Amino acid sequence: IMVQVNRWLQSKGNEYINVKITMRSQPGQDGHCGNFNGDLYDDDRMQVRKRIGTGGVAQAQLLFKTKTPITTADRPDINNCPTATLNAAKADCKARFGGKSPPMACLTDYCFA
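Predicted model only: the values in this text are computed from it and were never measured. (Residues numbered from 1 in each chain as written. Predicted model: local features only at pLDDT ≥ 70, side-chain atom pairs only at ≥ 80, totals over all residues. Heavy atoms only, no water.)

### Let's talk about a nonpolar patch on the surface
Nonpolar side chains collect at one region of the surface, where Ile1, Val3, Val5, Ile17, Val19, Ile21 and Met23 lie side by side and expose about 710 Å² of accessible area between them. Contributing elements (two or more residues each) for the nonpolar patch: strand S1 (2-8) and strand S2 (16-22). Ranked by the residues each element gives to the nonpolar patch, the list is headed by S2, at three residues. One can find isoleucine 21 in strand S2. Residue isoleucine 21 is classed as exposed on the basis of its relative accessible area of 52%. (Patch = residues over 30% accessible without salt bridge, like charges linked within 9 Å, V, L, I, M, F, W, Y side chains within 5 Å. Areas by Shrake-Rupley, 256 points an atom, 1.4 Å probe, with all protein chains shown as cover. Salt bridge = Lys/Arg side-chain N within 4 Å of Asp/Glu carboxyl O. Helix = DSSP H or I, 4+ residues; strand = E, 2+ residues; numbered from the N terminus. Buried < 20%, exposed > 50% of the residue type's maximum accessible area, 1.4 Å probe, protein only.)

### Let's talk about the state of the cysteines
As enumerated under the stated definition, the model contains two disulfides in all. A sulfur-sulfur distance of 2.1 Å marks the disulfide that ties cysteine 81 to cysteine 111. Taking the sign of the torsion about the S-S bond as the criterion, the disulfide between cysteine 81 and cysteine 111, at about -75°, is left-handed. Placement of cysteine 81 in the loop between helix H1 (45-52) and helix H2 (83-97) and of cysteine 111 in helix H3 (residues 104-112) is noted, with a sequence separation of 30 residues between them. The pair cysteine 81 / cysteine 111 is uniform in exposure class, with both members buried. (Disulfide = S-S within 2.5 Å.)

### Focus: the nonpolar core
Core analysis: the biggest nonpolar cluster contains eight residues, these being Ile78, Cys81, Leu86, Ala89, Cys93, Cys106, Leu107 and Cys111. When contributions to this core are tallied by element, the ones reaching two or more residues are H2 and H3. Ignoring sequence-local partners within four residues, the contact set of isoleucine 78 consists of Arg45, Leu86, Met104, Leu107, Thr108, Cys111 and Phe112. (Core = buried A, V, L, I, M, F, W, Y, C linked by side-chain atoms within 4.5 Å. Contact = heavy atoms within 4.5 Å.)

### Overview of the packing of aromatic side chains
Applying the stated criterion across every chain yields a total of one aromatic pair. Here the aromatic rings of tryptophan 8 and tyrosine 16 are separated by 6.1 Å at their centres, their planes lie at 25°, and the arrangement is stacked. The class of tryptophan 8 is partly exposed, set by a relative accessible area of 36%. (Phe/Tyr/Trp six-rings, centres within 6.5 Å; stacked < 30°, edge-to-face > 60°.)

### Regarding the side chain of aspartate 43
Note that aspartate 43 resides in the loop between S2 and H1. A polar contact of 3.2 Å, which involves the side chain of aspartate 43, links it to the backbone nitrogen of asparagine 35. When neighbours within four sequence positions are excluded, aspartate 43 is seen to be in contact with Cys33, Gly34, Asn35, Val48 and Arg51. (Polar contact = N/O pair within 3.5 Å; in protein donor to acceptor, adjacent residues only side chain to side chain.)

### Re unusual backbone geometry
Residues other than glycine seldom take positive phi values, yet phenylalanine 36 does so here, at roughly 60°. Take phenylalanine 36: it is sitting in the loop between S2 and H1.

As structure tokens, then:
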């Protein structure tokens, strides 16, 4: 298994990391990047959520002790935004704020206004 981590700090308030994991697929594997069955069409974000739910990794399967909350308290979950709406939000927010990564607050407001 190989893990590559990139940390982005250039956009204040929009910091994030990208992680690339290179490994052989495992029986029953599914998650954020799909299920590795060779069918790109069932790897859409909403399709994956239908298969594995919205709770994330079970506590017993965590690599680290602490589970970081996926959503911000008192805010809608961006993962519940339909794909077409989220794509439109990304385009609109990029046009308004510039940069490669639009502010999460803009995406959330667009999706759930």
